[in-house]
Amino acid sequence: MMLLEVVAATKHFGRLAAVRDVSLAVPQGELRAVIGPNGAGKTTFFNLISGLFPPTAGRVVFDGRDVTGMPAHARVKLGMARTFQITEIFPELSVRENVRVGAEVAAGFRLRPWISRAEGAELQRRIEETLSLAGLANKADRLVGELAHGDQRAAEIAMALALRPRLLLLDEPTAGMGDQETYEITQLIRGLHRDGKLTIVLIEHDMRVVFHLADRITVLDQGKLLAEGTPQEIAVNDAVQAAYLGKAA
Amino acid sequence: MTGGEGARKLIALGAIWAALLLAPYWMPPLGGYTALGTRVLVLGLAAMSVNFLLGFTGVLSFGHAAYFGLGAYGAGLALKFLAPSTPLSLICGMLVGGIAGAILGALIVRRRGVYFAMVTIAFGQVFYYIAFQWSSVTGGDDGLRGFSRRPLDFGAFSVDILSNAESFYYFVLFCFALAAAAMGFVLRSPFGRTMIAIRENERRARFLGIPVERHIWIAFTLSCFFIGFAGALYALLNNFADPKGLHYSQSGDFVIMAVMGGMRSFWGPLLGAAVFVILQDYLSSITVNWMSFIGLLFVFVVLFFPRGLLGAIRRKVQA
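Residues numbered from 1 in each chain as written. Chains lettered and ligands numbered in written order. Predicted model: local features only at pLDDT ≥ 70, side-chain atom pairs only at ≥ 80, totals over all residues. Heavy atoms only, no water.

### Quick notes on the overall build of chain A
Here is step 1 of the chain: Secondary structure assignment for chain A yields nine helices and 10 strands.
Here is step 2 of the chain: In summary, chain A has a C-alpha radius of gyration of 18 Å against a globular reference of 18 Å for 249 residues, a match within 12%.
Here is step 3 of the chain: C-alpha extents for chain A along the principal axes are approximately 60 × 40 × 35 Å.
Here is step 4 of the chain: The buried share among the 249 residues of chain A stands at 54%.
Here is step 5 of the chain: Partitioning the intrachain contacts of chain A with sequence separation of at least 6 by distance along the chain shows that 67% fall at a separation of at least 24.
Here is step 6 of the chain: A total accessible area of about 10,900 Å² is found for chain A, and carbon and sulfur atoms account for 52% of it.
Here is step 7 of the chain: Between the mean site of the 29 positive side-chain charges and the mean site of the 30 negative ones, chain A shows a separation of 5 Å. (Helix = DSSP H or I, 4+ residues; strand = E, 2+ residues; numbered from the N terminus. Rg over C-alpha atoms; globule rule 2.2 N^0.38 Å. Buried < 20%, exposed > 50% of the residue type's maximum accessible area, 1.4 Å probe, protein only. Contact = heavy atoms within 4.5 Å. Areas by Shrake-Rupley, 256 points an atom, 1.4 Å probe, with all protein chains shown as cover. Lys, Arg positive; Asp, Glu negative; His and termini not counted. Charge placed at Lys NZ, Arg CZ, Asp CG, Glu CD.)

So, in structure tokens, the structure goes:
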């Protein structure tokens, strides 16, 4: 059963075609990496999936449901959560409060004037669980804006996890990180994926991370689908080699 | 939150309410008078309503005087034509301001930033000109007269809030406390946290599953109910409703009070209103150019205390 299907998606910005006729099908439980040289349209593709803007043509199907024209917040309700290439957090709130907003929305409390004691306790339990999952339990009371870059990235993932998503979209989770931080985030993502319940699609530049984590890899180049396959297949794919080396040469 | 911070908050809260409760006793020796305190409360509540949006949802309305003024006219017209009842007039004023806000808010919330501010001004001015032109109902340029607040009738006894300034002050303080409690209640709720989430990062809020426009609309509507209530109290305070109360310059005054006092804090706008009203009272007896002095102070505060007067005080206490 495919959890996410993108059918022939195209996105134009004026005369620029950022994404051209790209299709993708991700089954439940897979970890898919989307790679490609700069300007390949990876983030645009993510924005189409998550609903930041609709595609010019094509369809997005989530869990058998056409969500092409659905606003972003409604897709979240269906079980889609994402992070951004440039960290999007609530800088002046503590880590715990950042996570709490997501947890309350996921629990359906966003319009509630109050929550009962039992609901509050359950919510609290879930928040603490998410915090320790993301390795932030000992930093929960710090303001997110004051954390180190790597911890901010982890906090953003924690916020997405608080939504209890079925599909997690990660846009360059290791962007701007040193080796140690990259290792920690990679371990975190691996842990999330381990039991196979959470389907993850991630954009990543660091090939060590990609080949370490991905079940399958999708390669975009200049807005078009260049290749798709297992890490072993992609590693020996001539077109992919050419696209990357062509850039380097 | 640490225990020390919690205790400090409790002390500050106690000090604020003590100062408000005892105002008719400490203001006159300092050269003030009770009606001035009443004015601070009413305009403070209005500034807090503006700040409910500005400080806690992160959207700037430059047209909130419209809903303030509608509240005032609503209360005045209710007293004049409906029934001579003070509570009824307050409810009418609040409903008129709030319902107008709910309707227009639906058209406004799709805009952001400066466009949001411009559209709020435009709608505000529409009401100003209606009040100005429709003389047969609103009294036009002269304002709405011919009504006055009524004694509070509790059956067994009644309280004269018309001629007794102290009684009226405490009545307004009671209303203010109700509104402030309601506002605080909303801000502490899950919904209140979504408002702050929108202020902090709209995109993140949207991708956490919050329908941002709908939540801004609810916040806008609530804030219009609050400021409509403040406007109704203002009409009772003056026994008069003035088209100037709807004008965008009045909206600007509310924004100045909120920003000067400290828009990130719940009580900041009340402090801003106190400074504004007291300076206005004092300076306007000396010079007609009193506004330029308030303007100077405003610029000074914005430049040197970006978190407002209350923010600066708070920092001093914490240091």
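### Some remarks on the pairing of strand β8 (residues 199–203) of chain A
Residues and elements named next belong to chain A.
Here is step 1 of the chain: β8 sits mainly inside the fold: five of its five residues count as buried.
Here is step 2 of the chain: Burial along β8 is two-sided: Thr-199, Val-201 and Ile-203 and Ile-200 and Leu-202, pointing in opposite directions, are all buried.
Here is step 3 of the chain: Between the parallel elements strand β7 (residues 167–171) and β8, the chain passes through helix α6 (residues 179–193) in a crossover that is right-handed. (Right-handed = clockwise from strand over helix to strand, strands pointing away.)

### Focus: the side chain of Thr194(B)
Here is step 1 of the chain: Note that Thr194(B) resides in helix α9 (residues 190–200).
Here is step 2 of the chain: Reaching out from Thr194(B), the side chain makes a polar contact with the backbone oxygen of Phe191(B) at a distance of 2.6 Å. (Polar contact = N/O pair within 3.5 Å; in protein donor to acceptor, adjacent residues only side chain to side chain.)

### Points about the packing of aromatic side chains
Here is step 1 of the chain: The tally for this structure, following the rule as stated, stands at 19 aromatic pairs over all chains.
Here is step 2 of the chain: Ring centres 5.1 Å apart and planes at 45° place the aromatic pair Phe68(B) and Tyr234(B) in the tilted group. Separated by 166 residues along the polypeptide, Phe68(B) in helix α4 (residues 65–82) and Tyr234(B) in helix α11 (residues 212–238) bring together distant segments of the chain. Here Phe68(B) and Tyr234(B) have matching classes, each one buried.
Here is step 3 of the chain: Aromatic rings pair up to connect Trp17(B), Phe176(B), Phe266(B) and Trp267(B) into one cluster.
Here is step 4 of the chain: Of note, Arg82(A) hangs over the ring of Phe84(A), and the distance from its end group to the ring centre comes to 4.1 Å.
Here is step 5 of the chain: Stacked on the ring of Phe168(B), the Lys or Arg Arg149(B) has its end atom at 3.8 Å from the ring centre. (Phe/Tyr/Trp six-rings, centres within 6.5 Å; stacked < 30°, edge-to-face > 60°. Lys NZ or Arg CZ within 6 Å of the ring centre and 35° of its normal.)

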